[in-house]
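A structural walkthrough
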Amino acid sequence: MEYKDYYKILGIERTADQDSIKQAFRRLAAKYHPDRNQAKGAEDRFKEINEANEVLGDATKRARYDQLGAEWRAGQNFKPPPGWGKTSPQFDSSFFEGIARRGANAQQSSGFSDFFEGLFGGGFRRASTGATSSSTLQIDVEDIYRGLKTVTLPAGGSVQIRIPPDISDDKRIRIPGKGPHGSDVYLMVKIKEHPHYRREGSNIYLDLPITPWEAALGETVTVKTLAGKISLKIPPGSQSGRKMRMKGRGLAGQEPGDLYIVLHVHTPPADTAEQKEYYARMKALFAWNPRQHMI
């Protein structure tokens, strides 16, 4: 089997921290998402990116992967280096024999490559028992945006499933032959509330706190979106509730949704005498009543 260089796939250094891994994954996943990129090979690239994130985004998997060493190259025939079993008892000969046994059918059964299955899972069985099993699948708007999610199966191992952009609560997803004794697995979808994003159809809304001076003067701020960080120019004189539309940056689909950034002006607390005096000077300077129209 071929060795997978997950760092190269994400375009990062082996010393990259978790924030860098997350940013690289989000950028590449947005670029190669099959619902956004119809070019030949985009879906395979998307799966490869998700697999790399599955390993490097998890501290335990990353540590295990890193123990293979940095001397391997992408596409190289993967086999244990000389003396490996002696220096690394957690990867003895039986470990590599297990890789060989799981072999070529692993990618077809789980969505991951045989290299991944050799390191972290596999051994799925399929049988025509007619039985089923079910469980709840918790997802959030970030899972929907990425379009793929890794699910731990009742019979062991894991599988990547596609999350359609129009998914809704109580939608059932069927995974054939992946339950106990080869039964089908049905996942009942429950969409969790996200602390920052909310979904309305294919559109995404993000409430953005800003300061009074950012609202009044108009400044450029950094905003973390589902696709990564962006620089946003706030128009001078903005008020709470103003919506700024980012076309096509919502959920994928036949008609991609938009991202709406909703501005919310937050005033800093006056905890010191100096701060309270400053607010008093503002009151005298502006002599402004925002409720004048209600009198």
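That block above? That's the structure.
Note that the coordinates shown come from a computational prediction; the quantities given were computed from them, not determined experimentally.

Reading the values: the criteria
Residues numbered from 1 in each chain as written. Predicted model: local features only at pLDDT ≥ 70, side-chain atom pairs only at ≥ 80, totals over all residues. Heavy atoms only, no water. Salt bridge = Lys/Arg side-chain N within 4 Å of Asp/Glu carboxyl O. Helix = DSSP H or I, 4+ residues; strand = E, 2+ residues; numbered from the N terminus. Buried < 20%, exposed > 50% of the residue type's maximum accessible area, 1.4 Å probe, protein only. Pairing = 2+ DSSP bridges. Axes fitted to C-alpha atoms, helices over the stretch in contact; angles between N-to-C directions. Core = buried A, V, L, I, M, F, W, Y, C linked by side-chain atoms within 4.5 Å. Contact = heavy atoms within 4.5 Å. Parallel < 35°, antiparallel > 145°, perpendicular 65-115°, else oblique. Nonpolar A, V, L, I, M, F, W, Y, C, P; charged D, E, K, R; others polar.

So, about the pattern of salt bridges. Note that side chains of opposite charge can pair when their charged atoms are close. A full pass over the atoms with the stated rule returns 13 salt bridges. The partner of Asp-170 in a salt bridge is Lys-190, and the shortest N-O contact between them spans 2.4 Å. Taken together, the residues span a long stretch of sequence, with Asp-170 in the loop between β3 (158-162) and β4 (172-175) and Lys-190 in strand β5 (residues 184-191) at a distance of 20 residues. Accessibility expressed as a relative area gives 33% for Lys-190, which makes it partly exposed.

The residue Asp-170 is not glycine, and still its phi comes out positive at about 70 degrees. Although it is not a glycine, Ala-287 sits at a positive phi angle of roughly 45 degrees. Along the chain, Ala-287 falls in the segment after α11 (273-286).

Backbone-to-backbone hydrogen bonds join strands into a sheet, with any given pair of strands oriented parallel or antiparallel. Taking strand neighbours across the sheet as the criterion, the 4 strands line up as β6-β7-β11-β10 in an open arrangement whose pairing is mixed. Taken across any chain shown, the strands that pair with only one partner, and hence form the sheet edges, are β6 (197-200) and β10 (243-246). Between one strand axis and the next, the sheet turns through 25 degrees on average, direction left out of account. Bridge count between β10 and strand β11 (residues 259-265): 4 bridges; the pairing is antiparallel. Paired with Lys-243 across the bridge in β11 is Val-262.

Moving on: the nonpolar core. Within the largest apolar cluster, 34 residues are counted, with the highest numbers of intra-cluster contacts made by Leu-137, Ile-161 and Ile-261. A per-element tally of this core places strand β7 (residues 203-210) first, with 4 residues. If near-sequence neighbours (up to four positions away) are discounted, Leu-137 is found in contact with Lys-149, Val-151, Ile-161, Ile-163, Ile-173, Leu-187, Met-188, Val-189 and Lys-190. Within the second largest apolar cluster, 26 residues are counted, among which are Ala-16, Ala-29, Tyr-32 and Phe-112.

On to the packing of helix α3 (residues 42-56) against helix α4 (residues 59-66). For the pair α3 and α4, interaxial distance at closest approach is 6 Å and the crossing angle is 95 degrees. By the criterion of interaxial angle, the relationship of α3 to α4 is roughly perpendicular. Facing Glu-54, Val-55 and Leu-56 of α3, the residues of α4 in contact are Lys-61, Arg-62 and Tyr-65. Here the contact of α3 with α4 is composed, by residue class, of 3 nonpolar, no polar and 3 charged.

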